[in-house]
Amino acid sequence: MPHAITPRRIAASLAEYWSPRVIGAVDDSYVKVAKLLGEFGWHAHVDEDELFLVLSGHLRIELEAGAVDLAEGDVFIVPKGTRHNPVARAECHVMLFERKTTLHTGDVVNERTRSIADQLRPITQQPGD
Ligand code: NI
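Residue positions within a chain follow its written sequence, with the count starting from 1. The predicted origin of the model limits local features to residues at a pLDDT of at least 70 and limits the giving and counting of side-chain atom pairs to 80 or more, whereas totals for whole chains, interfaces and linings rest on all residues. Calculation of side-chain values draws on the structure's entire complement of heavy atoms; hydrogens and water are dropped beforehand.

(A) Here's a closer look at the overall build of the chain. Only DSSP runs of H or I covering at least 4 residues are called helices, and only runs of E covering at least 2 are called strands; the numbering of each starts at the N terminus. Counting its secondary structure elements, the chain contains 2 helices and 7 strands. Each helix and strand of the chain, ordered N terminal to C terminal, gives the series α-β-β-β-β-β-β-β-α. Here the globule rule reads 2.2 Å times residues to the power 0.38, and the radius of gyration is calculated from C-alpha atoms. Computed over the C-alpha atoms, the radius of gyration of the chain is 14 Å, within 12% of the 14 Å expected from 2.2 N^0.38 for a compact globule of 129 residues. When the backbone C-alpha atoms are referred to their principal axes, the chain occupies close to 45 × 30 × 25 Å. Within the chain, the fraction of its 129 residues that count as buried is 41%. Contacts are assigned to residue pairs with any non-hydrogen atoms lying within 4.5 Å of each other. The contacts of the chain with a sequence gap of at least 6 include a subset with a gap of at least 24, amounting to 66%. In this description, accessible areas are obtained by the Shrake-Rupley approach with a 1.4 Å probe, and a residue is regarded as covered only by the protein chains that are shown. In the form shown here, the chain has an accessible surface area of approximately 7,000 Å², with 54% of it arising from carbon and sulfur atoms. Only protein chains enter the accessibility calculation, which uses a 1.4 Å probe; a residue is then buried when its area is under 20% of its type maximum, exposed when over 50%, and partly exposed in between.

(B) Focus on the side chain of His45. Following the sequence through the fold, His45 ends up in the loop between β2 (29-39) and β3 (50-56). Side chain to side chain, His45 and Glu50 meet in a polar contact 2.9 Å long. Pairing of N or O atoms within 3.5 Å defines a polar contact, subject to two protein rules: one partner must be a possible hydrogen donor and the other a possible acceptor, and residues neighboring in sequence count only if both atoms are side-chain atoms. Within polar-contact distance, the side chain of His45 engages the side chain of His84 at 3.4 Å. In this structure, His45 is in contact with Glu50, Lys80, Gly81, His84, Thr102, Leu103, His104, Thr105 and Gly106, ignoring residues within four places of it in sequence.

(C) A look at the coordination of the nickel ion. Shown as donors are all N, O and S atoms within 2.8 Å of a metal ion, widened to 3.2 Å for Na, K and Ca; because water is not in the atom set, sites may appear incomplete. Coordination sphere of the nickel ion, protein contribution only: His43 (NE2), His45 (NE2), Glu50 (OE) and His84 (NE2), at 2.1 Å. A site with four donors is called tetrahedral when every donor-metal-donor angle falls between 85 and 135 degrees; four donors are called square planar, and six octahedral, when opposite donors sit more than 155 degrees apart and all other angles fall between 65 and 115; any other arrangement is irregular. Considering all 4 donor atoms around the nickel ion, the spread of angles at the metal, 86 to 174°, places the coordination shape in the irregular class. The sequence motif formed by the donor residues of the nickel ion is H-x1-H-x4-E-x33-H. Summarising the burial analysis for this pair, His43 and Glu50 share the class buried.

(D) Layout of the nonpolar core. Residues belong to one nonpolar core when they are buried, are Ala, Val, Leu, Ile, Met, Phe, Trp, Tyr or Cys, and are joined through side-chain atoms within 4.5 Å. Core analysis: the largest hydrophobic core is formed by 16 residues, its most contacted members being Leu36, Phe52, Leu59, Ile61, Leu70 and Val94. Listed by contribution, the elements that provide at least two residues to this core are β2, β3, β4 (59-63), β6 (75-78) and β7 (84-99). The element contributing the most residues to this core is β7, with 4 residues. The residues touching Leu70, leaving out its near neighbours within four places in the chain, are Phe52, Val54, Gly57, His58, Leu59, Ile61, Val75 and Phe76. Grouped together as the second largest cluster of nonpolar side chains are 9 residues, Ile10, Ala11, Leu53 and Met95 included.

(E) Fine view of the packing of aromatic side chains. The criterion for an aromatic pair is that two Phe, Tyr or Trp rings (for Trp, the six-membered ring) have centres within 6.5 Å, with stacked assigned to planes under 30 degrees apart, edge-to-face to planes over 60 apart and tilted to the rest. By the definition in use, this model includes 1 aromatic pair. Relative to Phe40, the ring of Trp18 has its centre 4.8 Å away and its plane inclined at 35°; by these criteria the two rings are tilted. Placement of the pair is Trp18 in the loop between α1 (7-13) and β1 (21-26) and Phe40 in the loop between β2 and β3, with a sequence separation of 22 residues.

(F) Highlighting the pattern of salt bridges. In what follows, salt bridge is the name for a side-chain nitrogen of Lys or Arg lying within 4 Å of a carboxyl oxygen of Asp or Glu. Taken as a whole and judged by the stated rule, the model has 8 salt bridges. For Asp49, the salt bridge goes to Lys80, with nearest N and O atoms at 3.3 Å. Here Lys80 lies in the loop between β6 and β7 and Asp49 lies in the loop between β2 and β3, a separation of 31 residues in the sequence. Residue Asp49 is classed as partly exposed on the basis of its relative accessible area of 36%. A salt bridge links Arg60 to Asp69; the shortest N-O distance between them is 2.9 Å.

Here is the structure:
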């Protein structure tokens, strides 16, 4: 049976911050959700654009040219090669759209880096979800 997915509910069910999880694929790109809190750190994706859609809360994306403040429902696409630093002063849930090869920490590999395999782990939802 075809069925809809509810990114907002899946994002809310995640246990870890800054650990994006794949919820679908569109040709060469993944659709992901993530739960954010705090400052992620500056990085760039050399040859990949990155779309952020805020599902709940507020997200500031700092860029060298200035900061973009996103409220629920807002979208910002970080152009390839642009250094950026996502900052969530309070818990924020996002949906991401990015090419399958994109590492969320971009050109920086640190303790926050999650492999694509990790991001593809099945999501266990709570009963009733
Ligand atoms: Ni990024």
